[in-house]
Structures are given as C-alpha cells and as structure tokens.
Amino acid sequence: MAYDLKSESEVKDYIKNLGIEYRFGCYSEKNPEVCHLLADFLDAIKKDFEKAAKVYKTNCDEYKFGKSCLKYGAYCITGKGVKKTDYPAAYSYLRKGATWTNPTPALIKAYYWLRKMSPLDSIKTSKKE
C-alpha cells in the first residue's frame with residue numbers, strides 16, 4: 001500500500017501499520033534489527049518508555065544487539081523507562097554495547113554519559129563482565 005502522507009488519517013494508518021510490522025518482525029521473526037526499531041518506535045512515536053526499555057533490554061540480553069544495549073544503558077542512567085537510575089546496570093549495558101558495536105564511538109558516548117550523570121568512582125565493576 002502506498003502512502004502519500006498528506007492527510008492526518010493516512011499518517012495515522014501509516015504509523016499503525018509501522019508498529020504492526022515492527023512487532024511482527026521482532027516477536028515472530030525474532031530479528032534483532034527490527035526489535036531495535038520497535039523499541040525506537042515505542043520510544044519516539046508512542047512515548048511508551050517502559051515498553052521501549054523492556055524491548056531494548058531483551059534485545060541486548062537475548063540477541064546481543066549492541067545498539068539496544070547502549071540505549072538501555074542510557075535509560076538506566078537517566079531513569080527513563082526504568083524504575084530508578086541504576087549506574088552499575090548502566091555501566092554494564094554500555095560496556096556490552098561497546099563490545100557488540102563499533103567500540104570507539106560507543107565507549108566515548110558511554111564515558112560522556114557516565115561522567116555527566118554520575119561520579120565514576122561510585123560505579124563498582126566486576127571482572128566477570
């Protein structure tokens with residue numbers, strides 16, 4: 001179906017169908033890239049940060065999708081979509097994200113977030129990560 005997105009109803013239909021496609025691709029096809037898109041959709045379009053956080057976390061833990069780890073780590077720092085800020089979890093997920101994506105920019109981003117949001121010496125790390 002082609003959309004020209006000139007009317008409000010077409011935009012609403014397009015967004016509804018986009019959500020359906022992302023859910024199918026994530027939950028039925030188990031495609032980590034589509035799961036990340038679903039979480040981005042939940043975050044940016046639906047403003048359902050708790051569901052987005054769950055999808056990012058699951059996508060990181062189950063599929064080792066680095067971008068989702070970085071996003072979940074950022075959520076842990078800001079408290080967005082999670083019950084409270086959790087700097088140790090943020091560190092862990094940012095580290096996973098840096099490991100499973102292009103490490104240099106991811107590490108720079110993680111370092112910036114952590115320095116901005118929390119004193120680094122308050123984060124306890126383990127060698128097992």
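The rules behind each value
- Residues numbered from 1 in each chain as written.
- Predicted model: local features only at pLDDT ≥ 70, side-chain atom pairs only at ≥ 80, totals over all residues.
- Heavy atoms only, no water.
- Axes fitted to C-alpha atoms, helices over the stretch in contact; angles between N-to-C directions.
- Helix = DSSP H or I, 4+ residues; strand = E, 2+ residues; numbered from the N terminus.
- Parallel < 35°, antiparallel > 145°, perpendicular 65-115°, else oblique.
- Left-handed = near helix turned anticlockwise from the far one by under 90°.
- Contact = heavy atoms within 4.5 Å.
- Nonpolar A, V, L, I, M, F, W, Y, C, P; charged D, E, K, R; others polar.
- Core = buried A, V, L, I, M, F, W, Y, C linked by side-chain atoms within 4.5 Å.
- Buried < 20%, exposed > 50% of the residue type's maximum accessible area, 1.4 Å probe, protein only.
- Disulfide = S-S within 2.5 Å.
- Salt bridge = Lys/Arg side-chain N within 4 Å of Asp/Glu carboxyl O.

**Here's the deal with the packing of helix α3 (residues 49-63) against helix α4 (residues 66-78)**
For the pair α3 and α4, interaxial distance at closest approach is 8 Å and the crossing angle is 135°. Judged on the interaxial angle alone, α4 and α3 are oblique. α3 and α4 meet at a crossing whose hand is left-handed. Between α3 and α4, the residues in contact are Phe49, Ala52, Ala53, Tyr56, Lys57, Asn59 and Cys60 and Ser68, Cys69, Lys71, Tyr72 and Tyr75, respectively. Residues belonging to the contact of α3 with α4 are distributed by class as follows: eight nonpolar, two polar and two charged.

**Considering the nonpolar core**
In this structure, Tyr22, Leu38, Val55, Tyr56 and Tyr72 are the most contacted members of the largest nonpolar core, which totals 24 residues. Elements with a minimum of two residues in this core: α1 (8-28), α2 (32-44), α3, α4 and α5 (87-100).

**Examining the state of the cysteines**
Taken as a whole and judged by the stated rule, the model has two disulfides. The side chain of Cys26 participates in a disulfide bridge whose partner is Cys35; the two sulfur atoms lie 2.1 Å from each other. One quick way to see it: the torsion about the S-S bond of Cys26 and Cys35 is about 100°, and its sign makes the bridge right-handed. Disulfide pairing places Cys60 opposite Cys69 at an S-S distance of 2.0 Å. The chirality of the disulfide connecting Cys60 with Cys69 is right-handed, given an S-S dihedral of about 95°. Each member of the pair, Cys60 together with Cys69, is buried. If one numbers only the bonded cysteines of the chain, in the order they occur, the disulfide pattern is 1-2, 3-4. Here Cys76 is not disulfide-linked; the sulfur of Cys60 is the nearest cysteine sulfur, at 9.8 Å. Residue classification places Cys76 among the buried residues on the basis of a relative accessible area of 2%.

**Overview of the packing of α4 against α5**
Where α4 meets α5, the axes come as close as 7 Å, and the angle between the chain directions of the two elements is 160°. Comparing the axis directions of α4 and α5 gives the class roughly antiparallel. Helix-helix and strand crossings are classified by hand; for α4 and α5 the assignment is left-handed. Along the contact surface, α4 presents Gly66, Cys69, Leu70, Tyr72, Gly73, Ala74, Cys76 and Ile77, while α5 presents Tyr87, Ala89, Ala90, Tyr93, Leu94, Lys96, Gly97, Ala98 and Trp100.

**Brief notes about unusual backbone geometry**
Most peptide bonds are trans, and most residues other than glycine sit at a negative phi. A positive phi is found at Lys30, a non-glycine position, where the angle reads about 55°. Within the secondary structure, Lys30 sits in the loop between α1 and α2. A relative accessible area of 47% means that Lys30 is categorised as partly exposed.

**Some words on the pattern of salt bridges**
Counted by the stated rule, this structure contains six salt bridges. In this structure, Asp48 engages Lys51 in a salt bridge whose closest nitrogen and oxygen atoms are separated by 3.8 Å. Judged by relative accessible area, Lys51 falls into the partly exposed class, the value being 47%. Between Asp61 and Lys96 there is a salt bridge, with the nearest N and O atoms lying 3.5 Å from each other. Here Asp61 is found in helix α3, whereas its partner Lys96 is found in helix α5, with 35 residues between them in sequence. Residue classification places Asp61 among the partly exposed residues on the basis of a relative accessible area of 29%. One salt-bridge network, held together by shared partners, links Lys57, Asp61 and Lys96.

Shape is all these values report; function is a separate question.
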